[in-house]
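In case you want the letters, here they are:
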Amino acid sequence: MTVWLLGDQLYPDAAPLQSADHVLLIEAHGFAERMPYHPQKLTLVFSAMRHVRDDLRDAGYDVTYIEAESFGDGLDAYFEANPGDSLVLQRPPSHGAGERLKRLVEERGGDCTLVENDCFLTTPAEWDDWTDADGGSGATYRQEHWYRHVRRETGILMDDGNPVGGEWNYDDENRETPPDDWSPPPIPEFEADETTREVHEFVTDRYDDHWGSADLAEFVWPVTREEALQALEQFVAVRLPEFGPYQDAMVEGEWALDHSLLSPAINLGLLHPREVVDAVVEAYHDGVDGDGPEIPLNSVEGFVRQVIGWREFMRHVYREAMPEMAEANQLDQTEPLPEAYWTGETDMTCLSESVGHVRDHGYAHHIERLMVLSNFALVYGADPQELNRWFHLGFVDAFHWVTTPNVVGMGSFATDVLSSKPYASSGNYVNKMSDYCSSCPYYHTKTTGEGACPFNALYWDFLKRNEEVLRGTGRMGLMYSHVDGKDDEEWDAIRERADDLREMGANGTL
């Protein structure tokens, strides 16, 4: 049996591989030109694929590895040497990809069987059973309900049918800001081997006009299964204890904080989500039993929720909401992204820091993604599909199934399938969760006038512009009581400031 592995299906213990005698991988170079993908993202994917190729060969598999312009060209070469072969392909999570690839195989005289994707913890059938029991699909899905369901079904962080510690969610303990003298632990670093260096040279030569830093010295991502396991071990031992309380914090000059940095490895399949969760939960129990260092439950639960709650939840909501979600824009927002998203040049410290993290590392943590990068684009009025494209090309852990529900559904409120209210805020949130405002020339307390924080006028203008859709929406009553409290003179000043900011955003002077 020949198993065709894609670049995001690299888990070595995937079920189809257990009965395979032949493995096919196609490195499609033209596919990488569909967007100006971050050079670190392309280096990561291609290097990981080549390392898995070598590991599979060392494990005794017969591996065909083809470098081609497209999957079609790669399949042409494969079936010329293996006419009529039957392939087994784990169903890709991105919408319609499985059917498109199956059609490419059949057009070349082969056969392609799509099977369950073994790089996730839950299956579509399990989701369907849950939605049927929880009120049926087509509603606005709630992550917390799904998260509790998965914990009950898997027994993760459960004690005799109840959540360990007595609570399902410790999010209210995970909103601390670090003290001024705090510094994060070191991140795991891996020296680029010959394969990675060759890939990096190829990527920087061929894709020399792509966005983001191509500096190999900035490349910190594990590209092998062994490195990914080392990164997991380092996170559990060093970064996990303080992950919980500081997971929502933003600190100037720090791009990683205590975050795991494991999402790229998980999304490529170098790590399986279950083994990652099991390692974290095992460390917690070792501490409770006295055999290991004590790890706070809020850190453990917070991480588990991100993986078995949020990641799995988003994958299934994406399946349910596509293809409509890919074009959703319920607020009719059409502004181009501010130029600062491409240059990083802005006086706004929060935006400059967050864009800089993506440009330099292909990464920013979840609060920067949601409450700075997405939030600012939302109140600015940016086209949600353009924002989604920026996330897709810029982040090393991004795929269409990842960014679309997070950016279009959650960050842009372009559809209400995920949330009953937009995640929009003024500069007050950034000030509360970061030290960015202390060095920013804009004043987070001012809405209009010289030096007023751009978030503020744009936020109120956003609420006013979208009043017909948002007034009466869940949990928006308090905000609209403030809207009602502003007089015409104040609204004129807010609109003028918002218009000026959009002009500044377009010409790069924000």
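Residues numbered from 1 in each chain as written. Predicted model: local features only at pLDDT ≥ 70, side-chain atom pairs only at ≥ 80, totals over all residues. Heavy atoms only, no water.

Asker: What exactly am I supposed to notice about the pairing of strand 5 (residues 111-115) here?
Answerer: Burial of the side chains of strand 5 is restricted to one face: Cys-112 and Leu-114 are buried, whereas none of Asp-111, Thr-113 and Val-115 on the reverse face is. When strand 4 (residues 86-90) meets strand 5, the two strands line up parallel, connected through five bridges. Bridging across to strand 5, Val-88 finds its partner in Thr-113. Between the parallel elements strand 4 and strand 5, the chain passes through helix 3 (residues 97-107) in a crossover that is right-handed. (Buried < 20%, exposed > 50% of the residue type's maximum accessible area, 1.4 Å probe, protein only. Helix = DSSP H or I, 4+ residues; strand = E, 2+ residues; numbered from the N terminus. Pairing = 2+ DSSP bridges. Right-handed = clockwise from strand over helix to strand, strands pointing away.)

Asker: How should I be thinking about the side chain of Thr-346 in this particular structure?
Answerer: Examined against the element boundaries, Thr-346 turns out to sit in the loop between helix 11 (340-343) and helix 12 (349-361). Engagement of the side chain of Thr-346 in a polar contact is seen with the backbone nitrogen of Met-348, the distance being 3.1 Å. A distance of 3.0 Å separates the side chain of Thr-346 from the backbone oxygen of Leu-510, its partner in a polar contact. Setting aside residues up to four positions removed in sequence, Thr-346 forms contacts with Ala-340, Leu-351, Ser-352 and Leu-510. (Polar contact = N/O pair within 3.5 Å; in protein donor to acceptor, adjacent residues only side chain to side chain. Contact = heavy atoms within 4.5 Å.)

Asker: Where do I start with the packing of aromatic side chains in this structure?
Answerer: One pair of aromatic rings is described through two measures. These are the centre distance and the angle between the planes. For the structure shown, the criterion picks out 27 aromatic pairs. For the pair Trp-211 and Trp-342, a centre-to-centre distance of 6.1 Å together with 90 degrees between the ring planes defines the contact as edge-to-face. Within this pair, whereas Trp-211 is found in the loop between helix 6 (194-206) and helix 7 (225-246), its partner Trp-342 is found in helix 11, the two being separated by 131 residues in sequence. A relative accessible area of 11% places Trp-211 in the buried class. (Phe/Tyr/Trp six-rings, centres within 6.5 Å; stacked < 30°, edge-to-face > 60°.)

Asker: Please clarify how the pattern of salt bridges should be interpreted in this entry.
Answerer: Any two side chains of opposite charge can pair, so long as their charged atoms come close to each other. For the coordinates displayed, the defined rule picks out 27 salt bridges. Notably, a salt bridge pairs Arg-206 with Glu-33, separated by 3.2 Å at the nearest N-O pair. Residue Arg-206 is found in helix 6, and its partner Glu-33 is found in the loop between strand 2 (22-28) and helix 1 (39-58); the two are separated by 173 residues along the sequence. The network of salt bridges with common partners includes Asp-171, Arg-175, Glu-301 and Arg-305. (Salt bridge = Lys/Arg side-chain N within 4 Å of Asp/Glu carboxyl O.)

Asker: I tried to follow the packing of helix 10 (residues 297-321) against helix 15 (residues 400-411) on my own but got confused; where do I start?
Answerer: For any two helices packed against each other, the geometry is given by the interaxial angle and the distance between the axes. Relative orientation of the contacting elements helix 10 and helix 15 amounts to 85 degrees, with a least axis distance of 9 Å. On the basis of the axis angle, helix 10 is roughly perpendicular to helix 15. For the pair helix 10 and helix 15, contact is made by Trp-310, Arg-311, Met-314, Arg-315 and Tyr-318 and by His-400, Trp-401, Thr-404, Pro-405, Asn-406 and Met-410, respectively. Classifying every residue of the contact of helix 10 with helix 15 by side-chain character gives six nonpolar, three polar and two charged. (Axes fitted to C-alpha atoms, helices over the stretch in contact; angles between N-to-C directions. Parallel < 35°, antiparallel > 145°, perpendicular 65-115°, else oblique. Nonpolar A, V, L, I, M, F, W, Y, C, P; charged D, E, K, R; others polar.)

Asker: Hey, could you run me through the sheet that holds strand 1 (residues 2-5) in this one?
Answerer: Note: strands within a sheet are paired through backbone hydrogen bonds, in either parallel or antiparallel orientation. On the basis of which strands lie adjacent, the open sheet formed by five strands has the order 3-2-1-4-5 and parallel pairing. The two strands at the open ends of the sheet, each matched to only one other strand, are strand 3 (62-68) and strand 5. Direction aside, the axes of adjacent strands within the sheet are offset by 25 degrees on average. With three bridges connecting them, strand 1 and strand 4 associate as parallel partners. When the bridges of strand 4 are listed, Trp-4 appears paired with Leu-89. Running over the sheet, helix 2 (residues 71-81) touches strand 1, strand 2, strand 3 and strand 4 and is turned about 145 degrees from strand 2.

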